[in-house]
2 protein chains.
Amino acid sequence: MKHNAINFKEKFTKFTDHWSPRVIAEMNDYQFKLVKVEGEFVWHDHPDTDEVFIVIEGCLNIEFRDGVVTLESGEMFVIPKGIEHKPIATSECKIMIVEPKGVVNTGDSGSELTAEDDVWV
Amino acid sequence: MKHNAINFKEKFTKFTDHWSPRVIAEMNDYQFKLVKVEGEFVWHDHPDTDEVFIVIEGCLNIEFRDGVVTLESGEMFVIPKGIEHKPIATSECKIMIVEPKGVVNTGDSGSELTAEDDVWV
């Protein structure tokens, strides 16, 4: 078995584009993905699964139809399944997402921001 | 819906004991748990599930029968199901564990270090 730590900072040096998740690890049928985000994403939801956001560096706002949560480095939030949300970052923010394999970043809201699934870094 | 960020540092101020996981969030049937660790844990495995360790602060060694991985702040590791492991921290280390609900910290290796399940903070 390989015994290599997965280092978030090192992984983030390997890509520069925004809103394009990179898988760094799998646990059972779940994936851990790093994403760089900046600007506004699209309103969307994931009807079949909760989704976890963890901020590694920077600041992320997640808008909901009934409010907003602001996440800074060292903070996380669980978006319940079926709840519409729109992530917004006024400057570049580095985040980790945890969700089941196969979840599309834009949910059912097809968009030019829809990213390829299951891209590893 | 409540829109409160979960802040790791703030949660860690709420308990002091070692090897006793506190649940901070649930995503589907998985839980995110914070743990303070220091010293040697017991050899154990989880026959039915992978387990994720993320180091928030400090340094953690995880021994395996065929090697060791060292994790520092900002690093993670996935322990495959059924693989025996023994966490060791020479000084206090703050970690987050991600695993399915109901996983016992010592696996099948009953021990005085076996912690109560599903304790939230």
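As the structure is a computational prediction, the values presented were derived from the model and not from experiment.

Colleague: What exactly am I supposed to notice about the pairing of strand β6 (residues 67-72) of chain A here?
Modeller: All names here are of chain A. In the sheet, strand β5 (residues 59-64) pairs with β6 via six bridges, with the strands oriented antiparallel. Its bridge partner lying in β6, N61 is registered against T70. Following β5, the chain reverses through two residues before pairing antiparallel with β6.

Colleague: For this particular structure, what's the right way to read the UniProt feature "domain: Cupin type-2" (unreviewed entry) in chain A?
Modeller: The positions UniProt marks with the feature "domain: Cupin type-2" (unreviewed entry) are residues 37-97 of chain A. Summarising residues 37-97 of chain A: 0% helix, 67% strand, and an end-to-end C-alpha distance of 12 Å.

Colleague: So what exactly am I meant to see when it comes to the interface of chain B and chain A here?
Modeller: The partner chain A presents 39 residues to the 38 residues of chain B that form the contact. Joining chain B to chain A, the criterion identifies zero salt bridges. The interface formed by chain B and chain A holds 14 residue pairs in polar contact (both at pLDDT 80 or more) in total. When residues of the side of chain B that touches chain A are traced back to their parent elements, those giving at least two are β1 (6-7), β2 (22-27), β3 (30-40), β4 (51-57), β6 (67-72), β7 (75-79) and β8 (85-100) of chain B. Top contributing element to the side of chain B that touches chain A by residue count: β6(B), with five residues. In terms of residue class, the side of chain B that touches chain A is made up of 23 nonpolar, eight polar and seven charged.

Colleague: Explanation requested: the packing of aromatic side chains in the structure shown.
Modeller: Working definition: an aromatic ring pair is given by the centre-to-centre distance plus the angle between the planes. All names here are of chain B. Per the stated rule, a full pass over the model turns up seven aromatic pairs over all chains. Considering the side-chain rings of F12 and F15, the 5.9 Å spacing of their centres and the 40° angle between planes classify their relative orientation as tilted. Residue F12 shares its accessibility class with F15, and that shared class is buried. The aromatic ring of F15 is capped on one face by K36, whose charged end is 5.3 Å from the ring centroid. Here the basic side chain of R65 rests over the ring of W43, its NZ or CZ set 3.8 Å away from the ring centre.

Colleague: Is there a simple way to explain unusual backbone geometry in this structure?
Modeller: Most peptide bonds adopt trans geometry, and most residues besides glycine take a negative phi value. Residue and element names in this part refer to chain A. Phi is positive for N28, close to 55°, though the residue is something other than glycine. By the secondary structure assignment, N28 is in the loop between β2 (22-27) and β3 (30-40). The class for N28 is partly exposed, based on a relative accessible area of 24%. If you check the backbone angles, D118 has positive phi at about 65° while not being a glycine.

Colleague: Which parts of the structure should I look at to understand the relation of the copies chain B and chain A?
Modeller: Relating the two copies of this chain is a rotation about some axis coupled with a shift parallel to it. The transformation that overlays chain B on chain A combines an axial shift of 0.0 Å with a rotation of 180°, and the residual RMSD is 0.0 Å. What the superposition gives is, in effect, a two-fold axis relating one chain to the other. Interface overlap between copies: 100% of the residues of chain B at the interface are likewise at the interface in chain A, consistent with a symmetric, same-surface contact.

Colleague: What is the right way to read the pattern of salt bridges from this model?
Modeller: Two side chains carrying opposite charge are able to pair once their charged atoms lie near each other. Residue and element names in this part refer to chain A. Tallying each qualifying case throughout the model produces 14 salt bridges over all chains. The partner of K14 in a salt bridge is E10, and the shortest N-O contact between them spans 3.3 Å. A residue is classified by how much of its surface remains accessible, and K14, at 49% relative accessible area, is partly exposed. The class of E10 is partly exposed, set by a relative accessible area of 36%.

Cut-offs applied
Residues numbered from 1 in each chain as written. Chains lettered and ligands numbered in written order. Predicted model: local features only at pLDDT ≥ 70, side-chain atom pairs only at ≥ 80, totals over all residues. Heavy atoms only, no water. Pairing = 2+ DSSP bridges. Helix = DSSP H or I, 4+ residues; strand = E, 2+ residues; numbered from the N terminus. UniProt positions renumbered as here; feature names shortened; annotations may be inferred. Contact = heavy atoms within 4.5 Å. Salt bridge = Lys/Arg side-chain N within 4 Å of Asp/Glu carboxyl O. Polar contact = N/O pair within 3.5 Å; in protein donor to acceptor, adjacent residues only side chain to side chain. Nonpolar A, V, L, I, M, F, W, Y, C, P; charged D, E, K, R; others polar. Phe/Tyr/Trp six-rings, centres within 6.5 Å; stacked < 30°, edge-to-face > 60°. Buried < 20%, exposed > 50% of the residue type's maximum accessible area, 1.4 Å probe, protein only. Lys NZ or Arg CZ within 6 Å of the ring centre and 35° of its normal. Least-squares fit on C-alpha atoms with pLDDT ≥ 70 in both.

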